[in-house]
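# Observations on the three-dimensional arrangement
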Amino acid sequence: EATAAELPAALREQYRTRKTEIFAKAARLADQSSTPENAWNGFIDDLHRLAGTAGFFGDAALGEAAGELEHDLLAAAATARSALVARFLPLLERA
């Protein structure tokens, strides 16, 4: 199995870009009181992909945090989602 350093540079860059975009989206969602359902669905899909791929890039802790947030958002009431993201944002950024 390849290590993150052995993966093609373009693939590593694509992962870093996607990760940055997900963090930015999380920050926006954590700060919004009203977010359309389709925006949440897109973010949850992003988290799912991040949870599944982060380990390949040496970010296992990030993958676990993303998977946990995905699960919590799917179970949460719409009114509680921004607070969940706000609470997880430091974990995502630190992981």
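Described in the following lines is the structure provided in the data block. Everything quoted here is computed from the prediction, not taken from an experiment. (Residues numbered from 1 in each chain as written. Predicted model: local features only at pLDDT ≥ 70, side-chain atom pairs only at ≥ 80, totals over all residues. Heavy atoms only, no water.)

Moving on, we get to the overall build of the protein. On a plain count of helices and strands, the protein comes out with four helices and zero strands. When the helices and strands of the protein are listed from N to C terminus, the series reads α-α-α-α. Based on the C-alpha atoms only, the size of the protein along its principal axes is roughly 45 × 20 × 20 Å. For the protein, with 95 residues in total, the buried portion stands at 34%. Once local pairs closer than 6 in sequence are excluded, the contacts in the protein between residues at least 24 apart make up 58%. Of the roughly 5,600 Å² that the protein leaves accessible, carbon and sulfur atoms contribute 54%. Charge-centre separation for the protein: the mean point of 10 positive side chains lies 4 Å from the mean point of 14 negative side chains. (Helix = DSSP H or I, 4+ residues; strand = E, 2+ residues; numbered from the N terminus. Buried < 20%, exposed > 50% of the residue type's maximum accessible area, 1.4 Å probe, protein only. Contact = heavy atoms within 4.5 Å. Areas by Shrake-Rupley, 256 points an atom, 1.4 Å probe, with all protein chains shown as cover. Lys, Arg positive; Asp, Glu negative; His and termini not counted. Charge placed at Lys NZ, Arg CZ, Asp CG, Glu CD.)

Grouped together as the largest cluster of nonpolar side chains are 24 residues, with contacts concentrated most on Phe43, Leu47, Leu50, Leu69, Leu73, Val85 and Leu92. Secondary structure elements with two or more residues in this core: α1 (9-30), α2 (37-53), α3 (60-75) and α4 (81-94). Each residue touching Leu73, except ones within four places of it in the same chain, is listed here: Trp40, Phe43, Ile44, Leu47, Arg81, Leu84 and Val85. (Core = buried A, V, L, I, M, F, W, Y, C linked by side-chain atoms within 4.5 Å.)

All right, on to the environment of Ala27 then. Tracing the sequence through the fold places Ala27 in helix α1. Residues Ala27 and Pro90, 63 residues apart in the sequence, show an inter-C-alpha distance of 9.8 Å.

Another aspect to go through is α4. Over its 14 residues, α4 runs 20 Å from end to end, which matches the ideal 20 Å to within 8%, given 1.5 Å per residue. Residues of α4 that are buried sit in contact with α1, α2 and α3. (Expected span 1.5 Å × (residues − 1).)

All right, on to the packing of aromatic side chains then. One pass over the structure, following the stated rule, counts two aromatic pairs. With a centroid separation of 4.1 Å and an interplanar angle of 5 degrees, the aromatic rings of Tyr15 and Phe57 are classed as stacked. You can see Tyr15 sitting in helix α1 and its partner Phe57 sitting in the loop between α2 and α3, a full 42 residues away along the chain. The exposure class of Phe57 is buried, given its relative accessible area of 16%. An angle of 70 degrees between the planes, with centres 6.4 Å apart, marks the rings of Trp40 and Phe43 as edge-to-face. Of this pair, Trp40 and Phe43 are both found in helix α2, three residues apart, which corresponds to roughly one turn of the helix. (Phe/Tyr/Trp six-rings, centres within 6.5 Å; stacked < 30°, edge-to-face > 60°.)

Within the secondary structure, Thr35 is located in the loop between α1 and α2. Separated by 2.9 Å, the side chains of Thr35 and Gln32 make a polar contact. The residues contacting Thr35, other than those within four sequence positions of it, are Leu29 and Trp40. (Polar contact = N/O pair within 3.5 Å; in protein donor to acceptor, adjacent residues only side chain to side chain.)

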